[in-house]
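# Commentary on secondary and tertiary structure
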Amino acid sequence: MFGELGVESEVIRIVDHKVAFGISSDEGGGDEWPLILEKIKACDILVIATPIWFGVLSSVAKMVIERLDGTYTEGDPETGQYPLYGKTAGVIVTGNEDGAHDVCSTILFNLIHLGCTVPPNADCYWVGDAGPGPSYIEAGGDRHLYANRTARYMVHNLTYFAKLLKENPIPTNLKKLDEEAKKGKRLMLTYLRVADLFTKSWTLLLLETGGII
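An account of the accompanying structure is given in this report.

Conventions used here
Residues numbered from 1 in each chain as written. Predicted model: local features only at pLDDT ≥ 70, side-chain atom pairs only at ≥ 80, totals over all residues. Heavy atoms only, no water. Pairing = 2+ DSSP bridges. Helix = DSSP H or I, 4+ residues; strand = E, 2+ residues; numbered from the N terminus. Salt bridge = Lys/Arg side-chain N within 4 Å of Asp/Glu carboxyl O. Buried < 20%, exposed > 50% of the residue type's maximum accessible area, 1.4 Å probe, protein only.

### Quick word on the sheet that holds strand 2 (residues 56-57)
- On the basis of which strands lie adjacent, the open sheet formed by four strands has the order 2-1-3-4 and mixed pairing. Strands at the two margins of the open sheet, each flanked by one partner only, are strand 2 and strand 4 (123-127).
- Bridge analysis of strand 1 (residues 45-53) against strand 2 gives two bridges, and the strand direction is antiparallel. The partner of Trp53 across the bridge, within strand 2, is Val56.

Okay, structure coming up:
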């Protein structure tokens, strides 16, 4: 589907590579993650695909997220933006029983923090019946209406937003904002101390607002 929109794609199976556990961009000792990371940095669209194991994302998917954590220290010299800024991100999930929503939200939340932009309907998943049973391929998941529909939503939205970001890069200067935050630290602490003097009803109102959102 990406090809139909003029997007060149490459699939990398992490388990086919010697990727070490860790939170840096290079753990040494023959770690092949740096080679994969270079491709991630070069792409415009990043999609992470994972099965569901015991209701959560696989350990391999978790490892990928943890290895991407190393990019926090590789910000742009001028803006401080992380390497994943300017990229759109999506997720594909398959598995038996439940857990797809949890897996999608966890992965997309982490990718947002790493700098990715997540457009609407950026997830696609298929889950089988409760208990042991056939997998996506065996169960004919490729003919599942919901999975096929959301896959198309995801592909089109990821591509559209990737083009938007290419033509309109995010201008946010993280370095400048960091400096502003440091200068405003004392002011923020003062505000928090003053806030403590307000009644509990005011605090509860904030909690209720959060719940409504």
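### Looking at the pattern of salt bridges
- All told, the structure shown has seven salt bridges when counted by the stated rule.
- The shortest N-O distance in the salt bridge between Glu10 and Lys39 comes to 2.7 Å. With a gap of 29 residues between them, Glu10 in the segment before helix 1 (33-42) and Lys39 in helix 1 connect regions that are remote in the sequence.
- The salt bridge involving Arg67 is made with Asp31; its shortest N-O contact spans 2.6 Å. Residue Arg67 is found in helix 2 (residues 59-68), and its partner Asp31 is found in the segment before helix 1; the two are separated by 36 residues along the sequence.
- With relative accessibility at 0%, the residue Arg67 sits in the buried group.
- Classification of Asp31 by relative accessible area gives buried; the value is 10%.

### A few points about the pairing of strand 3 (residues 88-95)
- With six of eight residues buried, strand 3 is to be regarded as a mostly interior element.
- Where strand 1 and strand 3 come together, seven bridges link them in parallel fashion. Counted as the bridge partner of Ile45 is Thr88 from strand 3.
- The pairing of strand 3 with strand 4 spans five bridges and is classified as parallel. Looking at strand 4, one finds that Ile92 is bridged to Cys124.

Read these as spatial facts, not as claims about activity.
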